[in-house]
Amino acid sequence: MNIQETEERIIREFELLQDWQERYKYIIKLGDKLEPIPEEAKVEENLVKGCQSQVWLTAKVEDGKVVFKADSDAAITKGLVSLMIRFYSNREPDVILNTPPSFIDKIGMAKHLSPTRANGLASMVKQMKIYAMAFKSQKTLS
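Residues numbered from 1 in each chain as written. Predicted model: local features only at pLDDT ≥ 70, side-chain atom pairs only at ≥ 80, totals over all residues. Heavy atoms only, no water.

**Here we look at the nonpolar core**
Right, so step 1: Formed by 38 residues in total, the largest nonpolar core has its most connected members in Phe-68, Met-84, Tyr-88, Phe-103 and Met-109.
Right, so step 2: Of all the elements in the fold, those that place two or more residues in this core are helix H1 (3-15), helix H2 (20-32), strand E1 (55-62), strand E2 (65-72), helix H3 (75-88), helix H5 (103-106) and helix H7 (115-141).
Right, so step 3: For this core, the leading source of residues is H3, giving eight residues.
Right, so step 4: Setting aside its immediate chain neighbours within four residues, Met-109 contacts Phe-14, Trp-20, Ile-27, Leu-80, Leu-83, Ile-104 and Leu-121. (Core = buried A, V, L, I, M, F, W, Y, C linked by side-chain atoms within 4.5 Å. Buried < 20%, exposed > 50% of the residue type's maximum accessible area, 1.4 Å probe, protein only. Helix = DSSP H or I, 4+ residues; strand = E, 2+ residues; numbered from the N terminus. Contact = heavy atoms within 4.5 Å.)

Right, dumping it as structure tokens:
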């Protein structure tokens, strides 16, 4: 599934939910399904700066695609990072760099997040794009 198809699916899933209480429950469920990262990855250098909650994000390249793993100590934040991993993980660096997460506005999430959560979500996206840029430049250097 390409990134546009993933975005369309996310939008459809959220449209099926009646209100933001249901959507928050869904986001928390997404976090519950997030594959845990090893405890040794929960270190300062993997913390996403700008998040009120602790969010650990790691990235590696497999077959030319960036694979993200993450965890958080807060349920909604963990769900949000899970959603971003679903959107950006297993994509080529250029796809990550050139595709904004437009679904955030399309589903109305931006209006329903507290300012601190919205800042944290923006920080997650920024960190994922930084990883993509780093992997892209490594590829061009080799």
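Read on for the rest.
**Points about H3**
Right, so step 1: Its 14 residues give H3 an end-to-end C-alpha distance of 20 Å, which sits within 8% of 20 Å, the value for a rise of 1.5 Å per residue.
Right, so step 2: Burial runs high along H3: eleven of the 14 residues are buried.
Right, so step 3: Just past H3, the residue Asn-90 takes up positive phi, approximately 65 degrees. (Expected span 1.5 Å × (residues − 1).)

**Considering the pairing of E2**
Right, so step 1: With respect to burial, E2 is a largely interior element, six of its eight residues being buried.
Right, so step 2: Between E1 and E2, which follow one another and run antiparallel, lie two residues, and Asp-63 among them has a positive phi close to 55 degrees. (Pairing = 2+ DSSP bridges.)

**Here we look at H2**
Right, so step 1: With 13 residues, H2 should reach 18 Å at 1.5 Å per residue; the first-to-last C-alpha distance of 18 Å fits that figure.
Right, so step 2: Looking at the buried positions of H2, the neighbouring elements they touch are H1, H3 and helix H6 (109-112).
Right, so step 3: N-cap assignment for H2: the residue whose side-chain oxygen lies 3.1 Å from the backbone N of Gln-21 is Asp-19. (Polar contact = N/O pair within 3.5 Å; in protein donor to acceptor, adjacent residues only side chain to side chain.)

**Some points on unusual backbone geometry**
Right, so step 1: Non-glycine residue Asp-63 carries a positive phi angle of around 55 degrees.
Right, so step 2: Of note, Asp-63 is situated in the loop between E1 and E2.
Right, so step 3: Given a relative accessible area of 81%, Asp-63 falls into the exposed group.

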